[in-house]
Amino acid sequence: MAEPVVRIPDAKVALSTASVYPESTATAFEVAARLGYDGVEIMVWTDPVSQDIEALRRLSDYHQVPILAVHAPCLLITQRVWSTDPWVKLQRAQAAAEKLGASTVVVHPPFRWQRQYARDFVTGIWRMADETDVRFAVENMYPWRYKDREMLAYAPEWDVTKDDYRHFTVDLSHTATARTDALAMVDRMGDRLGHVHLADGRGSAKDEHLVPGRGTQPCAELLEGLARSGFDGHVVIEVNTRRAMSSAEREADLAEALAFTRLHLAAASATAAPGSRGPAGSPGSRGSAGSAGSSGSSGSSGSSGSSVVKGSPRVPGA
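Predicted, not measured: the structure shown is a model, and the values here were computed from it.

In this section: unusual backbone geometry. Residue P22 is reached from Y21 by a cis peptide bond, and omega for that bond is 15°. Assignment of secondary structure puts P22 in the loop between strand 2 (12-16) and helix 1 (25-35). That bond from A155 to P156 is cis: its omega, 0°, falls within 30 degrees of zero. On the secondary structure map, P156 appears in the loop between strand 8 (149-151) and strand 9 (167-171). The phi dihedral of Q64 is positive, around 55°, even though this residue is not glycine. Checked against the element boundaries, Q64 lands in the loop between helix 2 (53-63) and strand 4 (67-71). Looking at Q64, the relative accessible area reads 65%, which means it is exposed. At H209, a position not held by glycine, the phi torsion is positive, near 50°.

Counting residues in each nonpolar core, the largest one holds 80 residues, and the members touching the most others are Y37, L90, V170 and V196. The element contributing the most residues to this core is helix 4 (residues 115-130), with seven residues. The contact partners of L90, leaving out residues within four places of it in the chain, are A72, V107, Y117, I125, M128 and F136.

Below, the discussion takes up the side chain of T25. Position of T25 among the secondary structure elements: in helix 1. The residues contacting T25, other than those within four sequence positions of it, are T17, I42, D47, V49, S50 and L56.

Here we come to the confidence of the model for the protein. Chain-level statistics for the protein give a pLDDT mean of 85 and a share of 81% at 70 or above. In the model, residues 268-316 has pLDDT below 50 throughout and makes 121 contacts with residues more than four positions away in sequence or in other chains.

Counting buried positions along helix 6 (residues 182-189) gives seven out of eight residues, so the element sits mostly inside the fold. Within helix 6 the residues assigned to the buried category are A182, L183, A184, M185, V186, R188 and M189. Against strand 9, helix 5 (172-178), strand 10 (193-198) and helix 7 (219-229) lie the buried residues of helix 6. At the N-terminal end of helix 6, a side-chain oxygen is found 3.1 Å from the backbone nitrogen of L183, two or three residues along, and the residue is D181.

Let us now look at the pairing of strand 4. Counting buried positions along strand 4 yields five of five residues, so the element is predominantly enclosed. Sheet analysis places strand 3 (residues 39-43) next to strand 4, joined by four bridges and oriented parallel. Pairing of M43 across the sheet is with H71, part of strand 4. What joins strand 3 to strand 4 is helix 2, and the crossover it makes is right-handed. When strand 4 meets strand 5 (residues 104-107), the two strands line up parallel, connected through three bridges. Opposite A69, over in strand 5, you have T104 as the bridge partner. For the crossover from strand 4 across helix 3 (residues 86-100) to strand 5, the handedness is right-handed.

Analysis parameters
- Residues numbered from 1 in each chain as written.
- Predicted model: local features only at pLDDT ≥ 70, side-chain atom pairs only at ≥ 80, totals over all residues.
- Heavy atoms only, no water.
- Helix = DSSP H or I, 4+ residues; strand = E, 2+ residues; numbered from the N terminus.
- Buried < 20%, exposed > 50% of the residue type's maximum accessible area, 1.4 Å probe, protein only.
- Core = buried A, V, L, I, M, F, W, Y, C linked by side-chain atoms within 4.5 Å.
- Contact = heavy atoms within 4.5 Å.
- pLDDT = per-residue confidence, 0-100.
- Polar contact = N/O pair within 3.5 Å; in protein donor to acceptor, adjacent residues only side chain to side chain.
- Pairing = 2+ DSSP bridges.
- Right-handed = clockwise from strand over helix to strand, strands pointing away.

Next comes the structure, spelled out in structure tokens:
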């Protein structure tokens, strides 16, 4: 019998530039370099630097921090960033990723009131994915809740595993807010899981984005499973540090998140277990995303209403 060995997967650990908000995109590069992150994910939003490819290239070169992913501007607060046309936003995100050497564009499903965009979204994402080597990784979202009402804000579905995409992003703050089983969702994503937004949550109606380990989500279990499976996508720390009382406190939170992630990615395994899935993020064929598997720590999901609200309960919902 082969002796178990400590095996670090190929997955890189990146810092989302949203994690330093209200500080700037430039600050995120500084922090990522100082703490030893493998790269950054650019949240394209109202900070002009986040929208400027040449400025981002200069920051990446200066700090020697690669840009691994680009998050398209699809939040409520970024409805006018790059364009008001959602397809133009994705085209510009793809162009930015190609020019900056990023492998992934993260995109949310449309808001329900973006009716034509929502109708064409699944086929449109496949069409764009066929035209580039950049992965379009569609991110799971959540129902919006107010008191005892549940409002469906995303279409075709907030649970993106109900639709057919080549690649997925799983966000564990969003699974907490949705009160859905994170590990079962990851099982449904299967080898189409190409990107991870690592954060924690406690099932609040607000999208909390806590430092991993401070909530109820199976962050450690997910990372250990990714390590065993040979996951070769990116794990991005996307946490909310707005309540930090100082830059030093914010940096301490981001250092803790990086240490947590690296610890649990260092999995003890000799070989992948028979029947385990291969490296996540490999191109999938069109078809069903799979069936639910192992359980996590959250309750079951479901929709209790179909009303739509045009205000945001909290922004960003990255």
